[in-house]
Amino acid sequence: MVSSDGLAALRIDRSRRRRVRSWLVVVLPAVLALVLLAPWLLRGLWRARVTVAPAVRISAATGEPLDGSPELTAAGYVVADRQSVLAAKFTGRLAKLNVSEAEFVKKGQIVAELDHRELDAMIAQARLKLARPPQKCNV
């Protein structure tokens, strides 16, 4: 014979299943409403607002507006078409910079000077080593 406690342990708990259904009842309509309303809510983000000003006549001689037409102003920035990278054969501290940013340079123009005191000391030390005769070692 089977005890009633053993049968109670085998019973399926259906309360969890009902909780999942209640979540679906709340979340599913909310997600569906969001998907349907998204184009209407984002409508303003997709449009670009552009205004066009009337043409302005400019004097070729003075570069100023003619006939009392309004002055043209604009804001923005300029980006270079190309960049040049400079590199030195030896590393060192920058002693002097002979050009400024965005300045044109000519072929052969000295752009910058490095502090070469450390390099000069290394060259002098190498010359001293070459000038000394080799010493014989008695072991």
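Residues numbered from 1 in each chain as written. Predicted model: local features only at pLDDT ≥ 70, side-chain atom pairs only at ≥ 80, totals over all residues. Heavy atoms only, no water.

Novice: Tell me about the overall build of the protein chain, residues and numbers included.
Specialist: When you go through the protein chain residue by residue, the secondary structure sums to four helices and two strands. When the helices and strands of the protein chain are read in sequence order from the N terminus, they spell out α-α-α-β-β-α. Looking at the protein chain as a whole, 2% of its 139 residues qualify as buried. (Helix = DSSP H or I, 4+ residues; strand = E, 2+ residues; numbered from the N terminus. Buried < 20%, exposed > 50% of the residue type's maximum accessible area, 1.4 Å probe, protein only.)

Novice: How would you summarise the confidence of the model for the protein chain if you had to cite specific residues and measurements?
Specialist: Mean pLDDT for the protein chain: 76, with 76% of residues reaching 70 or above. For the protein chain, per-element mean pLDDT is lowest for helix α3 (residues 43-46), which scores 66, and highest for helix α4 (residues 117-131), which scores 90. (pLDDT = per-residue confidence, 0-100.)

Novice: If you had to explain a nonpolar patch on the surface to someone new, which residues and values would you point to?
Specialist: A cluster of nonpolar side chains, contributed by Leu32, Leu34, Leu36, Leu37, Trp40, Leu41 and Leu42, occupies part of the molecular surface with about 760 Å² of accessible area. Considering the arrangement of structural elements, one finds tryptophan 40 in helix α2 (residues 15-41). (Patch = residues over 30% accessible without salt bridge, like charges linked within 9 Å, V, L, I, M, F, W, Y side chains within 5 Å. Areas by Shrake-Rupley, 256 points an atom, 1.4 Å probe, with all protein chains shown as cover. Salt bridge = Lys/Arg side-chain N within 4 Å of Asp/Glu carboxyl O.)

Novice: I'd love a proper account of α4, names of residues and values included.
Specialist: If you check α4, its first and last C-alpha atoms are 21 Å apart, about what 15 residues at 1.5 Å a residue would give, namely 21 Å. Of all 15 residues in α4, zero are buried; the element is thus mostly exposed. (Expected span 1.5 Å × (residues − 1).)

Novice: I'd like a description of the environment of isoleucine 58, backed by residues and values.
Specialist: Considering the arrangement of structural elements, one finds isoleucine 58 in the loop between α3 and β1 (94-97). Residues within four places of isoleucine 58 in sequence aside, it is in contact with Gly63, Glu64, Pro65 and Leu66. (Contact = heavy atoms within 4.5 Å.)

Novice: Talk me through the pattern of salt bridges; I want residue IDs and the actual numbers.
Specialist: This structure, assessed with the given rule, holds two salt bridges. Arginine 93 is the partner of aspartate 115 in a salt bridge, and the nearest nitrogen-oxygen pair spans 4.0 Å. With a gap of 22 residues between them, aspartate 115 in the loop between β2 (112-114) and α4 and arginine 93 in the loop between α3 and β1 connect regions that are remote in the sequence. We classify arginine 93 as exposed; its relative accessible area is 53%. Residues aspartate 115 and arginine 117 are paired through a salt bridge, measuring 2.8 Å at the closest nitrogen-oxygen approach. Each of Arg93, Asp115 and Arg117 takes part in one network of salt bridges that share partners.

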